[in-house]
Amino acid sequence: MTSVHELMDYAEVIERFDPVLGLEVHVELHTNTKMFCGCANVFGGEPNTQVCPTCLGMPGALPTLNGKAVESAIRIGLALNCEIAEWCRFARKNYFYPDMPKNFQTSQYDEPIAFNGYLDVTLDDGSLFRVEIERAHMEEDTGKSLHVGGSTGRIHGAEHSLLDYNRAGVPLIEIVTKTIEGTGERAPEVARAYVTALRDLLKALDVSDVRMDQGSLRCDANVSLMAKDATEFGTRTETKNVNSLRSVERAVRFEMTRQAALLASGGTITQETRHFDESTGGTSSGRTKETAEDYRYFPEPDLVPIAPSREWVEELRGTLPELPWERRKRVQDEWSLTDAELRDLVNAGAVDLVAATVDAGATHTEARSWWVSYLTKEANSRGVELSELAITPAQIARVIGLVNAGELTNKLAREVVTGVLEGEGEPEAVIEARGLKVVSDDSALEKAVDEALAAQPDVAAKIRDGKVAAAGAIVGAVMKATKGQADAKRVRELIIARCS
Amino acid sequence: MNPLIRSTAAELAAKIASREVSAVEVAQAHLDRIGEVDGAVNAFLHVDTEGALKAARKVDDDLAAGAHVGPLAGVPIALKDVLTTEGVPTTVGSKMLEGWVPPYDATVTRRLKEAGVVILGKTNMDEFAMGSSTENSAYGPTRNPWDLDRIPGGSGGGSAAALAAFQAPLSIGTDTGGSIRQPGAVTGTVGVKPTYGGVSRYGLVAFSSSLDQAGPCARTVLDAALLHEVIAGYDPMDSTSINAPVPPVVAAAREGASGDLSGVRVGVVTQFSGEGYQPGVLRSFEAAVAQLKQLGAEVVEVSCPSFDYALPAYYLIAPSEASSNLARFDAMRYGIRVGDDSTRSAEEVMSLTREAGFGPEVKRRIMIGTYALSSGYYDAYYGSAQKVRTLISRDFEAAFATVDVLVSPTTPTTAFPLGERTGDPMAMYKADLCTIPANLAGNAAMSLPSGLSDEDGLPVGLQIMAPALQDHRMYRVAAAYEVARDAALGAPVIQGVPQLAGAR
């Protein structure tokens, strides 16, 4: 295993090669129970507490199909513009691994529930790129291995391994794209935009937690390069362990530059699984697939075929929510946003939050200004998603209302919001506890203005001479004296009144 | 010998319900019998004395309290060791699961318990139900009570021998290619493979999922029917379980016992005759067919040409599924673990455990199945076998368009001597020649004694096959034939079992 790679300059890669991508995304459904048994499907339980004879692969135990998972699979298929199979089956994918209780994975193989679809993804410049979907199929997740000892955290070199079967049997949908060609230099961006679009779609469908950090959305990126004059695809690698949207982009870019350097130096690409390293941004060799592994697939005899009626499929089509791109279009029209404004809103993941804030009484401009700038920064610095901040759209709307009523300055409002984020309670409680009311008593302000003017007689003289812009220095002094609790606009009015 | 042990299940149930005898007395009589003769027979891998007496006491208490009990409450049963029993060891006849105590009951086990049937223990079997003689058990062979030097059939030799040795009036078997019917035939007992999906497979340690079917074993047709109705029925824990009413097999058995089969059309399968069939077996079969005619049945010959390919198709499909089903025995979660000395990897421990835990026949089938499913061979082997399976189903459909039931000998020969075929797998596999088609098509089939072969004095089985979910048809024919046969022979066939050494 090598960790040092020759990399080719990206511009040169694009000059000499066409990248070809294939993306496989695994989505854990957030059904109440597992795919084939009644165990709870909850992330993060004590190891081996969410298990039963079926998901432990006990002798004699049998699977029964989770109808809700089939429903989710069909809804995902419909949202991806797929055809829904009239008849399909599960198969067994046979291979040995300690965290796989039966040593076969019950998975759909050549008869997926959904196939032949597409997803139009929005790139950073607002243009659309159509990603064709090969299929979306149902399968079960494996358990988790924790390899203890050794330096890599992988099974080789470990002193011992611990097995947790809580995840074994969790319902998964695997969504596989057709080969993605014609992206040119935008290949890494397309990959990231596709996974982003898929995440937003799955969130809107409310079928998964879609948390890449918790593994409920996982992306394997297949990357190969074709020399400009080539007529056949190059050998591909499959990069796993890509746990964030940014990593998807980085992993694709890295593989392109690595493969290009290797090919340019006369080397060949090994068809293999590679692991992405978040800290270095590079990939390293995993299992080599010199000969394709023989999984000995055959139809799962313990489950009967699935034949979703057309009526049911149409009924489920009726349950599809407004899809993210439809929603974006509507929001853009309703609020008359420019493409750039819409992009900022979407990139911040703030569409729903802003809309909810508007519903609670704010204008979209006010709401956007909070969510897209200030709160996005707060979320980033706290390392959480915007939607995970401990503040609600209704609370933001109330803060905006207080600013409009002159009871809070913008600066005070930010302090109130910080208080809410810190868990100090409702905005009103924070104002009370921190003493953040605007000083609106003119007599108190007039005294502060007089003191400030007296302290800076030269500035006061300029204002009296009509240089109103000089008032800023006095405003600043007053604000400082009132610890920011004065309404700057009112202070300015008072200064000008005093000097005229 | 306590005369209770020679009673039928129906008789015992009536005596217990009327409180003429207690369930505890009945259980104790059978436990005593097991203690006396099982050293010679080796039908049981585990005897649950305490559990049996406790269950019997519960039935007695319920009856004393005037509670309503099921039709087989208090009747003892022997359970094939392939069905899980909570808190009671389940080995599947394999070293691999030595000492494994399941944390859950199979649905069949649960239904028996709920019906007040008293589980005496777990019976011996070919390892993972792979075999036709019970010689593949990791715990020594079971011996045939008719001749202790002969095989009791397999894989459910323990369940059949326990009936013939009067250790239990009822038992449960499982039938993947004949493992209920062939042991029934060679021990002079009744064995039924219900329609696939008729009895839940939940908790039945899988050999071949698309073929495995648990069913009732008994010494009389009515007893089998009574047991059939206790264990059958839809189970949401088994996706392949049929959500339909249980065929009325008890009513059919009672109706058949009146001895009238007029209007019933019986088809004799022409493929199951000729070379490889013991003459005494064929003579017994012909006599049985003649008797069916006398009872008023219309008998015709029926050709099912695809049945000739059933055996090879079976030996691709069953091992293929087995190779996958048995992959879970990897030393990680249950069963034995070999070589875990903290220097070896999980992969090495898996490998060493499977090497040590599986016997030669199981390994042979895992290898055949792994090969048959391999890329490049799948279509030629597994794929072709599935096509044959379809053709066999069509042969059955065509046959049942003209006849109500099909009949044949259950197995080509009577019980062969222990050791005779252990070195020749093909000869062993041929014991299931006549029984396999019903597994491949999923329809109902049973075996009941047609008397003794005139050349060796050993039991011969008559196989009756019926369409899926028409299990009652074969019970009716079997019950009628049973009455006529006993009248002709002067006594039930089972009465001819010799006294066992060691028995008092």
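Preceding this section is the structure that the text describes.
Position labels on residues start from 1 in each chain and follow its written sequence. Each chain is given a letter, starting from A, and each ligand a number, starting from 1, according to the order in which they appear as written. The model is predicted, so local features are restricted to residues of pLDDT at least 70 and side-chain atom pairs to those at 80 or more, both for listing and for counting; the totals for chains, interfaces and linings are taken over all residues. Computation of side-chain values covers all heavy atoms of the structure but excludes hydrogens and water.

J.: Residues and numbers for the sheet that holds strand E6 (residues 214–218) of chain B, please.
T.: All names here are of chain B. Only when DSSP finds a minimum of two bridges between them are two strands counted as paired. In this text, helices come from DSSP runs of H or I with a minimum length of four residues, and strands from runs of E with a minimum of two, each type numbered from the N-terminal end. The mixed open sheet is built from 11 strands, whose spatial order is E1-E3-E2-E4-E6-E5-E10-E11-E9-E7-E8. The open sheet has two edge strands, strand E1 (44–47) and strand E8 (298–302), and neither has a second partner. Averaged over all pairs of adjacent strands, the angle between their axes in this sheet comes to 25°, without regard to strand direction. Summarising the sheet, strand E9 (residues 405–409) and strand E11 (residues 459–466) pair through 4 bridges and their orientation is antiparallel. Axis geometry follows a simple rule: fit a line to the C-alpha atoms, using only the stretch in contact for helices, then measure angles between N-to-C directions, giving values from 0 to 180 degrees.

J.: So, empty space enclosed by the protein: which residues are in play, and what are the values?
T.: Both cavities and pockets are sets of points on a 1 Å grid over the protein atoms alone; in a cavity a 1.4 Å probe fits but cannot get out, in a pocket the set is open with protein on both sides within 12 Å along at least five of seven lines, and lining residues sit with an atom within 4 Å of a point. Grid points are joined across faces, edges and corners, and a volume is the space filled by probe spheres set on the points. Within the structure shown, the criterion is met by 4 cavities of 30 Å³ or more. Counted as a void, the largest cavity has a volume near 190 Å³. As for the largest cavity, its lining consists of 20 residues, of which Phe 36, Thr 54, Cys 55, Lys 102 and Glu 140 of chain A are closest to the centre. Of the residues contributing to the lining of the largest cavity, the split by class is 10 nonpolar, 4 polar and 6 charged. The volume enclosed by the second largest cavity comes to roughly 90 Å³. If you go around the second largest cavity, you meet 16 residues; those closest to its centre are Gly 198, Gly 233, Val 246, Pro 247 and Leu 469 of chain B. Residues are grouped as follows: Ala, Val, Leu, Ile, Met, Phe, Trp, Tyr, Cys and Pro are nonpolar; Asp, Glu, Lys and Arg are charged; all remaining types, including Gly, are polar. The residue makeup of the lining of the second largest cavity, split by class, is 10 nonpolar, 5 polar and 1 charged.

J.: Break down the side chain of Glu 140 of chain A for me, with residues and values.
T.: Summarising the element assignment, Glu 140 of chain A is placed in strand E6 (residues 128–140). Here, two residues are considered to be in contact whenever any of their heavy atoms come within 4.5 Å of each other. Sequence-distant contacts of Glu 140 of chain A, that is, excluding residues within four places in its chain, are made with Phe 36, Lys 102, Phe 104, Gln 105, Thr 106, Gly 169, Val 170 and Leu 172 of chain A.

J.: Can you break down the side chain of Asp 38 of chain B residue by residue, with the values?
T.: Residues and elements named next belong to chain B. Note that Asp 38 resides in helix H2 (residues 23–41). Nearest to the buried, unbridged Asp 38 among oppositely charged side chains is Arg 33, at 9.1 Å. N or O atoms within 3.5 Å of each other form a polar contact, as long as, within protein, one can give a hydrogen and the other can take it, and as long as residues adjacent in sequence are counted only when both atoms are side-chain atoms. Looking at Asp 38, its side chain comes within polar contact range of the main-chain nitrogen of Ala 43, at 2.7 Å. Among the polar contacts listed, one links the side chain of Asp 38 to the backbone nitrogen of Phe 44, at a separation of 3.2 Å. Among residues more than four places away in sequence, those in contact with Asp 38 are Arg 33, Ala 43, Phe 44 and Gln 167. Per-residue accessibility, obtained with a 1.4 Å probe over protein chains only, is compared with the maximum for each type, and a residue is labelled buried under 20%, exposed over 50%, and partly exposed between these values. Neither His nor the chain ends is counted toward charge; the positive residues are Lys and Arg and the negative residues Asp and Glu. Put simply, a salt bridge is a Lys or Arg side-chain nitrogen that is within 4 Å of an Asp or Glu carboxyl oxygen.

J.: An account of the environment of Gly 154 of chain B is needed here, citing residue identities and associated values.
T.: Residue and element names in this part refer to chain B. Here Gly 154 shows up in the loop between strand E3 (118–123) and helix H5 (157–164). What makes Gly 154 buried here is its relative accessible area of 0%. Here the alpha-carbon distance between Gly 154 and Met 125, two residues 29 residues apart in the chain, equals 6.6 Å. The contacts of Gly 154, once residues within four sequence positions are left out, are Asp 126, Gly 131, Ser 132, Ser 133, Thr 134, Gly 178, Ser 179, Gln 182 and Pro 183.

Take it as geometry only, folks, not as evidence of what the structure does.
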